[in-house]
Amino acid sequence: MYRKELYVFDGERPRKTVIRPYTEQDMEAMIRIQQESFPPPFPEELWWNREQLGNHMRLFPEGALCAEVEGEVVASMTGLLVHYDPQDKDHSWAEITDSGYITNHNPDGNTLYVVDIGARPAYRKLGLGKWLMLSMYEVVIRLNRERLLGGGRLPGYGRVAEEMTPEAYVEEVLQGKRKDPVMSFLLKCGRTPLKLAADYLEDEESRNYAMLMEWKNPFYSR
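Residues numbered from 1 in each chain as written. Predicted model: local features only at pLDDT ≥ 70, side-chain atom pairs only at ≥ 80, totals over all residues. Heavy atoms only, no water.

**What to know about the sheet that holds strand E2 (residues 13-21)**
This is how the line gets drawn: Pairs of strands are assigned from DSSP output, requiring at least two bridges between the strands. Helical segments are the DSSP runs of H or I of at least four residues, strand segments are the runs of E of at least two, and each set is numbered from the N terminus. Under this scheme, a helix contributes an axis fitted over its contacting stretch, all axes are lines through C-alpha atoms, and angles between N-to-C directions fall in the 0 to 180 degree range. Any two residues having at least one pair of non-hydrogen atoms within 4.5 Å are treated as being in contact.
Here we have 8 strands laid out as an open sheet, ordered E1-E2-E3-E4-E5-E6-E8-E7, and mixed in their pairing. Either end of the sheet is taken by a strand with one partner, and the two such strands are strand E1 (4-10) and strand E7 (192-197). The average angle at which neighbouring strand axes cross in this sheet is 30°, direction not considered. For strand E6 (residues 147-153) and strand E8 (residues 210-216), the ladder comprises 7 bridges, and the chain directions are antiparallel. Looking across to E8, one finds that Arg-147 is bridged to Lys-216. The strands that helix H4 (residues 128-143) touches are E1, E2, strand E3 (64-69), strand E4 (72-82), strand E5 (111-119), E6 and E8; relative to E4, the one it contacts most, it runs at about 35°.

So this is what it looks like as structure tokens:
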């Protein structure tokens, strides 16, 4: 089972960190991460519940990772395996993840799909999101899947939605004219844009848009 030990930096102070699969003992910490990571107006019903977390651990433990800083679980990332073809019709987050319950997890799927990633705000300066993303790339490599894929919210778009189309907004982010809290983070993690998705998630900040972004496995072997 996956386990990575490293140090992250809080300013100049190194802090011992472990990235590992989350377990039943971590449920309360996982729910707290959701509550702090996605405060209102994000819909509360989209926060993890115990049934969802149990499914993550049972159906695809390799894709249920958390970051533990000095013994405290403060960030997490969850995925499932799906079969994806870039020519497939557009999907919503709820459709591709079974609303976070991942009962549609396909052990033979060619793609590791990101269900969620989040960190408690007080710990975001430690770079845990990027470490979790890199760790999930390692899972993709170990399982020999074609790609990691997921929809990134566009929370910055809502502030300019009356001025420009989502396509124009995304192009300005790619040109460095604007910075989006999620899309820019994913670009820094090595993800590349695939397509814009409308009605992806109930998310007023993003006007329900998301950018599908992938990381192709450079070691993939058919």
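Continuing now.
**Examining helix H2 (residues 50-59)**
Our working rule: Throughout this description, buried means an accessible area under 20% of the type-specific maximum (1.4 Å probe, protein chains only), exposed means over 50%, and partly exposed covers the range between. Think of a polar contact as two N or O atoms within 3.5 Å of one another; within protein, one of them needs to be a possible hydrogen donor and the other a possible acceptor, and neighboring residues in sequence only count if both atoms come from side chains.
Taken together, the buried positions of H2 are Gln-52, Leu-53, Asn-55, His-56 and Met-57. Where the residues of H2 are buried, they touch helix H1 (27-37), E3 and E4. The N-terminus of H2 is capped by Asn-49, whose side-chain oxygen sits 3.0 Å from the backbone nitrogen of Glu-51.

**Brief notes about the environment of Arg-207**
Structurally, the position occupied by Arg-207 is in the loop between E7 and E8. Judged by relative accessible area, which is 29%, Arg-207 ranks as partly exposed. Apart from the residues lying within four places of it in its own chain, the contact partners of Arg-207 are Tyr-157, Gly-158, Ala-161 and Glu-162. There is a polar contact of 3.3 Å between the side chain of Arg-207 and the backbone oxygen of Gly-158.

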